[in-house]
Amino acid sequence: MAEARNARQHRTPPHGEHRGTQADSPLDKRVHAFSADVADIALEGRVDAKRFERPVPHRLVEGVSEMMRAAPDATAVCVSELLPGQRFDVVDDAEGWAWGFSAHDHYVGYVRSEHLRADAPTRTHRVVAPLALCFHRPDIKSEVAMTLPLNAEIAAERFDETFLRHRNGTFVHHRHAGAIEDFADDWVEIAEFFLGTPYRWGGRQRAGIDCSGLVQTALAACGHFVARDSDQQAASIGRDVRGKALQRGDFVFFPGHVGIMADGERLLHANAHWMTTLIEPLSEVVRRLNLPDGDAVTAVRRL
């Protein structure tokens, strides 16, 4: 099925839209940073590499969302997305590309070095709106300087009853950003923010999102930090409730795909069949898969 996002190798592009379910090494290269040349020092004694390096924490600069790539090349396959202010731990840096992993899920990839800062100020707030507007002045009629996606992290201070002042000098409405430790309660409601969002392999925001990115992003807004890919999520989110009556908020897994139940019968998911995020009957998704060797649903998990 064309709507798959599953496991993938660290450096190997996916075949079609499916990803392999297991890395060649006993250690999954999606979440363990190692190669023949260099490896995370935490893996010393577990893998062979010419050198081992201690990861150095960095953060993505303000106003930039960066696709993490499978290779140090702007045309390489996107494996995930780092949002503004999020932490990325650098294991190696060469020729303008930093190699390491995103701190929230330990996912390995390449990010352009110019967009990372090792001296970023402590993050105080997190974007809680689908898209936050950052104004040049503390006035909603002023020019928008930049936008920030849901879950972007910023350093800001209270300016007045309406605005926060971002450390870069722009102003964010207080309804668009909450304290870093404040989270929503309803991940289905958060996922609904993304209805109509185009499907984008590796995406994690309103500009484009994929199936497991939708699950990860919605749960992160609610304080649940889960793995990046659908097979990882199927093995780790909540508890197994397959065989029980489905309910709102359940996570339904298929070969290389995942969605969230909007209610007992309809699935909310980002998918490459429709190239968008939408809600449709679960029965229609199952029918479309039409697997000859059994049930299309591989797992159902519930928090």
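Residues numbered from 1 in each chain as written. Predicted model: local features only at pLDDT ≥ 70, side-chain atom pairs only at ≥ 80, totals over all residues. Heavy atoms only, no water.

Engineer: Please clarify how the overall build of the protein should be interpreted in this entry.
Structural biologist: Check the secondary structure of the protein and you find 4 helices and 25 strands. In terms of overall size, the protein behaves like a compact globule, its C-alpha atoms giving a radius of gyration of 20 Å where 303 residues would be expected to give roughly 19 Å. Projected onto the principal axes, the alpha-carbon positions of the protein cover approximately 60 × 50 × 30 Å. Within the protein, the proportion of its 303 residues that are buried is 52%. In the protein, the share of contacts with a sequence separation of at least 24, taken over all contacts with a separation of at least 6, comes to 56%. Summed over its atoms, the accessible surface of the protein is roughly 13500 Å², and 49% of this surface lies on carbon and sulfur atoms. (Helix = DSSP H or I, 4+ residues; strand = E, 2+ residues; numbered from the N terminus. Rg over C-alpha atoms; globule rule 2.2 N^0.38 Å. Buried < 20%, exposed > 50% of the residue type's maximum accessible area, 1.4 Å probe, protein only. Contact = heavy atoms within 4.5 Å. Areas by Shrake-Rupley, 256 points an atom, 1.4 Å probe, with all protein chains shown as cover.)

Engineer: Can you help me understand the pairing of strand β24 (residues 276-281) in this one?
Structural biologist: Every other side chain in a regular strand lies on the same face of the sheet, so the side chains alternate between the two faces. Direction of pairing for strand β23 (residues 266-271) relative to β24: antiparallel, over a ladder of 6 bridges. The partner of R266 across the bridge, within β24, is P281. Taking the residues between adjacent antiparallel strands as the criterion, β23 and β24 are bridged by 4 residues, where M275 takes a positive phi near 60°. (Pairing = 2+ DSSP bridges.)

Engineer: Teacher, can you tell me more about the pattern of salt bridges here?
Structural biologist: Working definition: two side chains of opposite charge can pair if their charged atoms are close together. For the structure on display, the rule yields 20 salt bridges. A salt bridge links D229 to R30, with the nearest nitrogen and oxygen atoms 3.1 Å apart. Note that D229 is positioned in the loop between α2 (211-220) and α3 (230-236) and R30 in the segment before β1 (38-40), a separation of 199 residues in sequence. In this structure, D229 and R30 share a single accessibility class: buried. Of the charged contacts, one joins D139 and R137 as a salt bridge, the two residues approaching to 3.8 Å between their closest N and O atoms. Residue D139 is classed as partly exposed on the basis of its relative accessible area, which comes to 27%. Judged by relative accessible area, R137 falls into the partly exposed class, the value being 46%. In the salt-bridge network here, residues are joined through shared partners; they are D28, R30, D229 and D231. (Salt bridge = Lys/Arg side-chain N within 4 Å of Asp/Glu carboxyl O.)

Engineer: What's the story with the layout of surface pockets in this structure? I'm lost.
Structural biologist: Using a probe with the size of a water molecule, rolled over the atoms, empty space left in the structure can be pinpointed. Volume-wise, the largest pocket comes out at about 250 Å³. Surrounding the second largest pocket, 12 residues form its lining, P72, D92, A94, W99 and Y110 being those nearest its centre. Its residues assigned to classes, the lining of the second largest pocket shows 6 nonpolar, 1 polar and 5 charged. (1 Å grid on protein atoms, 1.4 Å probe; cavity = no way out; pocket = protein on both sides within 12 Å on 5 of 7 lines; lining within 4 Å. Points joined across faces, edges and corners; volume = space filled by probe spheres on them. Nonpolar A, V, L, I, M, F, W, Y, C, P; charged D, E, K, R; others polar.)

Engineer: Just checking my understanding: could you explain the sheet that holds strand β20 (residues 239-240) for this structure?
Structural biologist: The antiparallel open sheet is built from 6 strands, whose spatial order is β20-β25-β21-β22-β23-β24. Of all strands in the sheet, those with a lone pairing partner are β20 and β24, marking the two edges. With 3 bridges joining them, strand β21 (residues 251-254) and strand β25 (residues 299-302) adopt antiparallel strand pairing. By the bridge assignment, F251 is partnered in β25 with R301. Packed onto the sheet, α2 meets β21, β22 (257-261), β23 and β24 and runs at close to 45° relative to β22. The sheet contacts of helix α4 (residues 282-289) involve β21, β22, β23 and β24, and relative to β24 the element is tilted by about 100°. (Axes fitted to C-alpha atoms, helices over the stretch in contact; angles between N-to-C directions.)

Engineer: What is the right way to read the side chain of R126 from this model?
Structural biologist: Inspection of the secondary structure assignment puts R126 in strand β10 (residues 125-127). This buried residue, R126, is left without a salt bridge; E153 holds the nearest opposite charge, at 6.4 Å. (Lys, Arg positive; Asp, Glu negative; His and termini not counted.)

Engineer: Looking at this model, I keep getting lost on the packing of aromatic side chains. Mind explaining?
Structural biologist: The geometry of an aromatic ring pair comes down to the distance between the two centres and the angle between the two planes. Applying the stated criterion across every chain yields a total of 5 aromatic pairs. Their ring planes at 70° and their centres at 5.0 Å tell us that F159 and F171 sit as a pair that is edge-to-face. One end of the pair, F159, is in the loop between β14 (156-158) and β15 (163-166); the other, F171, is in strand β16 (residues 171-173), with 12 residues separating them in the sequence. (Phe/Tyr/Trp six-rings, centres within 6.5 Å; stacked < 30°, edge-to-face > 60°.)

Engineer: Where do I start with the sheet that holds strand β13 (residues 153-154) in this structure?
Structural biologist: Pairing between sheet strands relies on hydrogen bonds along the backbone, with the strands arranged either parallel or antiparallel. Strand order in the open sheet made by the 3 strands is β13-β10-β17, with antiparallel pairing throughout. Of all the strands in the sheet, just β13 and β17 (177-179) have a single pairing partner and so form its edges. Bridge analysis of β10 against β13 gives 2 bridges, and the strand direction is antiparallel. Paired with R126 across the two strands is E153, which belongs to β13.

That is the geometry; function is a separate question.
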